[in-house]
Amino acid sequence: MRVAIVRLSAFGDIVVSSSMLAGLKALGDYQVEWFVDERFSGILEYSPCITKIHALPFKKLLKSIGGLLEIRKYCKSCGMFDIVIDMQGLIKSAFIGKCLETTKFVGFAKEGVREYFASFFYTHKVAIPYDSNILERNFSVLFTYTREFQANPFTLERILPLHTQSLGIHYHAIPESLNTHFSSLNNMQTKHYTFLFVLEASIPEKMYPIEKYASLALLLQGFLQHCHFHILWHDDVKKADSLYTLLKKHGLLATKLDKLDFNSLKFCLRQVDCVVGGDTGVTHLAWAIGTNCITLYGNNTTTDGKNMRSTKLERVLLGNPYVVSQSMQFEIASIEPRIIFETFKHKVYAALQNEEENL
């Protein structure tokens, strides 16, 4: 069965949506083709579950009549699909799905779609509230109209255990310096616990202060004795330099990573023992590939259904350990390093010990 998935952006949403693919592949012969903005196509590259990635500059093309006509022409050239699924729920994603040839165009019903008018494009609609858990939403829209689900309905629990098999890494494309770095860490006589600190996010409220990262590193070093801290950055190299200098000043082993493409990022996440960061695409990616991760969330528990600064935690939590800010503002900066450390000690460290025993 030839399936088209439309999920153009953004980083974290693409990661969570793609986590369902291994479950779809396990059901039967599904040939998945994904329509994504070219800025994010690297997330999906090398996935064993995707037959073809249609990566276009959709963000740019959607801004003009000429661009819309170019999208329509491209979509018509793709041929007939057995089913098209809009996993994004926006007018722009619904438009692209409508341009594809199919008799079954699946999307969210009006109470669950992000942009109300998008629901009018779909021939088959999935009714699930917008503020439902993000995994439940992705599961529902992807599987509700598959032949297997309709013949014998099943739950998310059947699919979720396979989520770490959905994305792939091209190991031969990893820079030699990066490969050598982690190989040397893995081959040390004494086990070194490796951490990755995520410095940046889409909004400042989701960024954790470097001084508090340094305090957390000192707590982890005191507990584990042998640690190596990795600093991940994308745009703000000065911030990364400042944290690196601060960690070295405290006598800690640290590496400021180079600016990474998506393939190298997936590789790094798979190498480290634990990732710490705000509610961002990187922390979602760590979860998707099976790496221990502590996610830091703002304190909001209510939502208007659309505002990213006021989203129900029940909607976004992915099952990894997390810490929630208790302040009266939406931010993570007030979270004390000791609370993150205690979360690591009681929830992540035990998991790492079990992994070592099973090796």
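Structural notes, computed from the coordinates. These numbers were taken from a predicted model, which means no experiment stands behind them. (Residues numbered from 1 in each chain as written. Predicted model: local features only at pLDDT ≥ 70, side-chain atom pairs only at ≥ 80, totals over all residues. Heavy atoms only, no water.)

**Observations regarding helix 1 (residues 11-18)**
For helix 1, the tally of buried residues reaches seven of eight residues, placing the bulk of the element in the interior. Within helix 1, the full set of buried residues consists of Phe11, Gly12, Ile14, Val15, Val16, Ser17 and Ser18. (Buried < 20%, exposed > 50% of the residue type's maximum accessible area, 1.4 Å probe, protein only. Helix = DSSP H or I, 4+ residues; strand = E, 2+ residues; numbered from the N terminus.)

**Concerning the nonpolar core**
Formed by 84 residues in total, the largest nonpolar core has its most connected members in Phe11, Leu100, Phe143, Leu265 and Leu269. Ranked by residues supplied to this core, first place goes to helix 7 (residues 134-143) with six residues. Excluding residues within four positions of it along the chain, Phe11 makes contact with Phe40, Ile43, Phe262, Leu265, Gly281, Val282 and Leu285. Judged by nonpolar contacts, the second largest core, of 33 residues, contains Phe197, Ala217, Leu220 and Phe229. (Core = buried A, V, L, I, M, F, W, Y, C linked by side-chain atoms within 4.5 Å. Contact = heavy atoms within 4.5 Å.)

**Describing the pairing of strand 2 (residues 31-37)**
Remember that side chains alternate between the two faces of the sheet whenever the strand is regular. For strand 2, the tally of buried residues reaches six of seven residues, placing the bulk of the element in the interior. Of the pairings in the sheet, the one linking strand 1 (residues 2-6) to strand 2 comprises five bridges and is parallel in character. If you follow Val6 over to strand 2, its bridge partner there is Phe35. Bridge analysis of strand 2 against strand 3 (residues 52-56) gives five bridges, and the strand direction is parallel. For Trp34, the partnering residue across the bridge sits in strand 3 and is Ile53. (Pairing = 2+ DSSP bridges.)

**Points about the sheet that holds strand 1**
In space, the six strands of this open sheet follow the order 3-2-1-5-7-8, with parallel pairing throughout. In the strand order of this sheet, the two ends are held by strand 3 and strand 8 (124-126), each with one partner. The mean inter-strand angle of the sheet, taken between neighbouring strand axes irrespective of direction, is 20 degrees. (Axes fitted to C-alpha atoms, helices over the stretch in contact; angles between N-to-C directions.)

**Re helix 12 (residues 237-249)**
Since there are 3.6 residues in each turn of an α-helix, residues three or four apart along the chain are aligned in direction. With 13 residues, helix 12 should reach 18 Å at 1.5 Å per residue; the first-to-last C-alpha distance of 18 Å fits that figure. For helix 12, the full list of buried residues reads Lys239, Ala240, Leu243 and Leu247. The buried residues of helix 12 occupy one face: seen down the axis, they fall within an arc of 100 degrees. Along helix 12, the residues that are exposed and aim more than 90 degrees away from the buried face are Lys238, Thr245 and Lys249. (Expected span 1.5 Å × (residues − 1). Arc of directions from axis to C-beta.)

**A few points about the environment of Leu156**
Counting through the fold element by element, Leu156 comes out in helix 9 (residues 156-159). Residue Leu156 is classed as buried on the basis of its relative accessible area, which comes to 6%. For Leu156, the contacting residues outside a window of four places in its chain are Met20, Leu135, Glu136 and Phe139.

**Quick word on the packing of helix 11 (residues 210-224) against helix 12**
Viewed as axis vectors pointing N to C, helix 11 and helix 12 meet at an angle of 35 degrees, and their least axial separation amounts to 10 Å. Relative to helix 12, helix 11 is oriented so that their crossing is right-handed. Taking contact as the criterion, the partners of Ile210, Glu211, Tyr213, Ala214 and Ala217 in helix 11 are, on helix 12, Lys239, Ser242, Leu243, Leu246 and Leu247. Split into classes, the residues belonging to the contact of helix 11 with helix 12 amount to seven nonpolar, one polar and two charged. (Left-handed = near helix turned anticlockwise from the far one by under 90°. Nonpolar A, V, L, I, M, F, W, Y, C, P; charged D, E, K, R; others polar.)

**Observations concerning the environment of Glu355**
On the secondary structure map, Glu355 appears in helix 16 (residues 337-358). Since its relative accessible area comes to 40%, Glu355 is described here as partly exposed. Sequence separation of Glu355 and Val141 is 214 residues, and the distance between their C-alpha atoms is 34 Å.

**Here we look at the side chain of Ser327**
Of note, Ser327 is situated in the loop between strand 14 (322-324) and helix 16. Contacts of Ser327, omitting those with residues within four sequence positions, involve Asn299 and Ser334.

**Focus on the environment of Ile14**
Within the secondary structure layout, Ile14 lies in helix 1. Separated by 214 residues in sequence, Ile14 and His228 place their C-alpha atoms 30 Å apart. For Ile14, the contacting residues outside a window of four places in its chain are Arg7, Leu8, Ser9, Trp34, Val36, Phe40, Ile43 and Leu44.

**Some points on the packing of helix 10 (residues 176-186) against helix 13 (residues 262-271)**
The interhelical angle for the contact between helix 10 and helix 13, taken along N-to-C directions, is 5 degrees, at an axis separation of 11 Å. When the axes of helix 10 and helix 13 are compared, the pair comes out roughly parallel. Seen from helix 10, the contacting residues are Leu178, Asn179, Phe182 and Asn186; seen from helix 13, they are Ser264, Phe267, Cys268 and Gln271. Looking at the contact of helix 10 with helix 13 residue by residue, the classes come out as four nonpolar, four polar and no charged. (Parallel < 35°, antiparallel > 145°, perpendicular 65-115°, else oblique.)

**Here's the deal with the packing of aromatic side chains**
Per the counting criterion, the structure on display carries 23 aromatic pairs. Between Phe139 and Phe149 the ring centres are 6.1 Å apart and the planes differ by 70 degrees, which places this aromatic pair in the edge-to-face class. Highlighted residues: Phe139 in helix 7 and Phe149 in helix 8 (residues 147-151), separated in sequence by ten residues. The pair formed by Phe139 and Phe149 is uniform in burial state, with each residue classed as buried. Here the aromatic rings of Phe143 and Phe154 are separated by 5.9 Å at their centres, their planes lie at 75 degrees, and the arrangement is edge-to-face. On the criterion of sequence distance, the pair formed by Phe143 in helix 7 and Phe154 in the loop between helix 8 and helix 9 is long-range, its members being eleven residues apart. Here Phe143 falls in the buried class, since its relative accessible area comes to 0%. An aromatic cluster of three or more residues is present, and its members are Tyr193, Phe195, Phe197, Tyr208, Tyr213, Phe223, Phe229, Phe341, Phe344 and Tyr349. Over the ring of Tyr30 we find Arg147; its NZ or CZ atom is 5.1 Å from the centre of that ring. The ring centre of Tyr193 lies 5.0 Å from the NZ or CZ of Lys191, which sits over that ring. (Phe/Tyr/Trp six-rings, centres within 6.5 Å; stacked < 30°, edge-to-face > 60°. Lys NZ or Arg CZ within 6 Å of the ring centre and 35° of its normal.)

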